[in-house]
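Letter by letter, the chains look like this.
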Protein chains: 2
Amino acid sequence: MEGESALQLRIFDLNCWGIRYLSKRRQERVELIGDTLRREGFDLVLLQEVWSEQDYNNLKGKLGSRYPFCHYFRSGVIGSGLCVFSRFPILDTLLYQYSLNGYPYMLQHGDWFCGKSVGLPRAGTGMVGDITVSLFPLSHQLHAEYCREKDAYLPHRLVQAWELAQFIRHTSKAADVVLLGGDLNMHPEDVGIRLLCGWTGLQDAFAEATHFEGCEDGCTLIPKNCFTDKAELLPFPLGIRIDYILYKAISGFTVMCKELKTTTGTAPGTDIPFSDHEAVMATLHIKRQGQAASDTLGTAEPMMADVVTEAQTEVGVGLRAAQRQRYSTGRMAVLALLLLLVQATAALGTLVGLGTEQPFPKLSFSLLAFAAIGILLLATCLHLFHTTEVKMLQGTEEQMRMALRALQERP
Amino acid sequence: MEGESALQLRIFDLNCWGIRYLSKRRQERVELIGDTLRREGFDLVLLQEVWSEQDYNNLKGKLGSRYPFCHYFRSGVIGSGLCVFSRFPILDTLLYQYSLNGYPYMLQHGDWFCGKSVGLPRAGTGMVGDITVSLFPLSHQLHAEYCREKDAYLPHRLVQAWELAQFIRHTSKAADVVLLGGDLNMHPEDVGIRLLCGWTGLQDAFAEATHFEGCEDGCTLIPKNCFTDKAELLPFPLGIRIDYILYKAISGFTVMCKELKTTTGTAPGTDIPFSDHEAVMATLHIKRQGQAASDTLGTAEPMMADVVTEAQTEVGVGLRAAQRQRYSTGRMAVLALLLLLVQATAALGTLVGLGTEQPFPKLSFSLLAFAAIGILLLATCLHLFHTTEVKMLQGTEEQMRMALRALQERP
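What you see is a predicted model, and the numbers here were worked out from it, not measured in a lab.

### A closer look at the domain arrangement of chain A
Residue and element names in this part refer to chain A. Here chain A is partitioned into domain 1 (7-288) and domain 2 (300-350 + 360-409). For the pair domain 1 and domain 2, the two sides together bury roughly 1,700 Å², of which 78% comes from carbon and sulfur. Counting the contacts that link domain 1 with domain 2 gives one salt bridge. As a salt-bridge pair, Glu310 and Arg194 come within 3.1 Å of each other at their nearest N and O atoms. Our count for the domain 1 to domain 2 interface comes out at three residue pairs in polar contact (both at pLDDT 80 or more). For the side of domain 1 that touches domain 2, the secondary structure elements donating two or more residues are helix H4 (154-171) and helix H5 (191-200). Tallying contributions element by element places H4 first for the side of domain 1 that touches domain 2, with seven residues.

Structure, rendered in structure tokens:
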């Protein structure tokens, strides 16, 4: 086996921070990313936050000769921002949209409008011995963390991490190697990462790499990068690691990470960065193995049960918050409806002729009615939204309960 | 091989028509369904349109001894309405929500609020020889067809059929046998059914059954049923077949449908039906096979290319309609904004003192402003909605194009 040649796979992963009109020096950076990718010649390029389809088309035009195969995943109002460039044919794609992704009224955070998803382009790659290796290079991004101390989105991110893990478990059987690259918006010790890796058996390229070169601790959001928010990184002088390349061999194969690199605040040979995130570049060696690997979890079972329990507790906290919000928006809708009914009764009374004079000034009366209608509509929409949220959190909690039962029942 | 014993699997599928306050004699029918299922003892029960969680809980209580394993899929505002009862353990579940599902403003059709989805409960079943058979009993429902002549939802239903087919292709490798039961809201000759069966290789139990007993042509929505809309069925004197049990063996197994039955307007031994749909009951024989089946399409490739092209054309029609709606809602939002600006300028002019008298009556002025704000908000929401719709239809069209290319390139 040792003598057999391995397939070497070079992967580039980057959160491109390509928000139209908002991201600084966007076009210049997209040009730079395109030039670098064309020069370097990776095998697979996984990009996130390419929100502008024009940017994608520019990259596509520039990279066509090096990476003849590419795919842009469309979803949500703005788009998923996910795209993949590949040296190997992309045979098929599937997009899975997370069921929860923040709140539409949190306009300043905008996650809801992006339709965050995991994209699954199935790519057939080169030959290892006489076997074609299929890859599932999932490129994705979970809900952002805006405040670590009081993280209102933690339950949503955990639902996403769980759905991502379940999606990988259910789709990975068709692949020989699973690859996951993206901005997970979670620190390595966070429960979401432990859940994802533990439940799927995915391995962290940073932890497994034989050789590492880049930012200390593999950080991908660092104070040295001129585009990062320095205040946000104050508690983390070295920066934080939230972009990952994860991998797993399914059966008959082994994968090893020979080298992992990150950029260190600027793009190589220039004075501006690719993005506010650092790029992550991995070199993987894929080899054929004699026996098929069994379908194991990534974490020992008793520990995995603890992780699932921890995640379930957090989802439960989110569920209770969502139930409170569903209740208060429902109450507000009922109050607005009552106000409207009182007004309608008063207006009807006046019309019928119980009083010949107008008891209220017409203007304030109509303004009040309009305000009540507005509140009624808004509260009803929010109530429906939170009802969906409650259902999804309940569903996830139940799935986690089922997983815990399965873990406990294993021989 | 012939001598080896086969696993016999009895499946019950029914669209329960369980809409709270709207469906006639709902509680009585749910009782009846529960009693029948407890008496009959199927192996797998796939139910749709169980919108009330209370109904599910009643069924769960009643069926616990016969079907110790069950799952209710939560999604959308109202729920997915999908549930599964099983004699075999349900090991794991995954819910895939279709990216398009009608319009939120079509309140009378309500599909949007249901979060239509495909539920994937992975069940391990009994033994065939020394092998455990895994089943993927997908229970699901596609967008309803309200008017066959001018079917505005056809593109959405085709997107759903395509997503369902892709979901099955990507998740089925982990199973030995795939089962799909549900109300597909499509006639057997419709492009959506041909696409689904052709692209996944699923077989129609009605077409394959050795023995059939039930409504003529296997219809599941018949004029004889007292709850069906007779006017809707006027062009189809025998009724229509829109509820299916589809199956496929993945590898090392064969599946045969020995018997298929439908109810015929009333539940057996009573004078009321289970639902406005007829129940479909199949008896499948699963056998171990020597060699692994290869991953083939269900339809010959040149024919499959025609089916995909036909579907793509329909999706294209939907795309152009969505683009028109996106444009007209965007234009309406801009007009409302302009009106508001004109009003603001006029109000400002009065305030600054260009005229000491009030040029407009205060009441109509404010009413107009409120109407403009209302239209602006509504048009913006609709514009965002249709933008998402356009993105999804474009995404599906591209996936279909990719599939066509793959079909043409096959040796």
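And the narrative resumes.
### Concerning the interface of chain B and chain A
Across the boundary between the two partners, chain B contributes 43 residues, which contact 43 residues of chain A. Roughly 3,900 Å² is buried in total at the junction of chain B and chain A, and carbon and sulfur atoms are behind 61% of that figure. Among the residues chain B hides against chain A, the three largest losses belong to Arg74(B), His170(B) and Lys391(B). Together they make up 18% of the total. The interface formed by chain B and chain A contains zero salt bridges. At the boundary of chain B and chain A, one finds four residue pairs in polar contact (both at pLDDT 80 or more). Elements that contribute at least two residues to the side of chain B that touches chain A include exactly strand S5 (90-97), strand S6 (117-128), helix H4 (154-171) and helix H8 (362-409) of chain B. Tallying contributions element by element places H8(B) first for the side of chain B that touches chain A, with 15 residues.

### As for the environment of Thr200(B)
All names here are of chain B. The topology assignment puts Thr200 in helix H5 (residues 191-200). Taking the C-alpha atoms as reference points, Thr200 and Lys248, 48 residues apart in sequence, are found 8.6 Å from one another. Apart from the residues within four sequence positions on either side, Thr200 is in contact with Ala165, Ile168 and Lys248. For Thr200, the side chain forms a polar contact with the main-chain oxygen of Leu196, separated by 2.5 Å.

### Quick word on the relation of the copies chain B and chain A
Each copy superposes on the other: chain B lies on chain A with an RMSD of 0.0 Å after a rotation of 180 degrees and an axial shift of 0.0 Å. On this basis, the relationship between the two copies can be described by a two-fold rotation axis. Taking C-alpha positions as reference, the residue of chain B nearest the rotation axis is Thr171(B), located at 2.3 Å. A share of 100% of the interface residues of chain B reappears at the interface of chain A, consistent with the copies meeting face to face through the same patch.

### A short note on unusual backbone geometry
Residue and element names in this part refer to chain A. For Arg25, which is not glycine, the phi dihedral falls at a positive 45 degrees. The residue Arg25 is located in the loop between strand S1 (7-15) and helix H1 (26-40) in this model. For Glu49, which is not glycine, the phi torsion reads 55 degrees and is therefore positive. The topology assignment puts Glu49 in the loop between strand S2 (44-48) and helix H2 (53-63). Take Glu49: its relative accessible area is 13%, and that puts it in the buried class.

### Section: the UniProt feature "transmembrane region" (unreviewed entry) in chain A
Residues and elements named next belong to chain A. According to UniProt, the feature "transmembrane region" (unreviewed entry) maps to residues 333-353 and 365-385 in the numbering used here. Helix makes up 95% of residues 333-353 and strand makes up 0%, while its end C-alpha atoms are separated by 30 Å. As annotated, residues 365-385 has a helix share of 100% and a strand share of 0%, and its two end C-alpha atoms lie 30 Å apart.

Reading the values: the criteria
Residues numbered from 1 in each chain as written. Chains lettered and ligands numbered in written order. Predicted model: local features only at pLDDT ≥ 70, side-chain atom pairs only at ≥ 80, totals over all residues. Heavy atoms only, no water. Domains from an automatic or database assignment. Buried area = accessible area lost by both parts, 1.4 Å probe. Salt bridge = Lys/Arg side-chain N within 4 Å of Asp/Glu carboxyl O. Polar contact = N/O pair within 3.5 Å; in protein donor to acceptor, adjacent residues only side chain to side chain. Helix = DSSP H or I, 4+ residues; strand = E, 2+ residues; numbered from the N terminus. Contact = heavy atoms within 4.5 Å. Least-squares fit on C-alpha atoms with pLDDT ≥ 70 in both. Buried < 20%, exposed > 50% of the residue type's maximum accessible area, 1.4 Å probe, protein only. UniProt positions renumbered as here; feature names shortened; annotations may be inferred.

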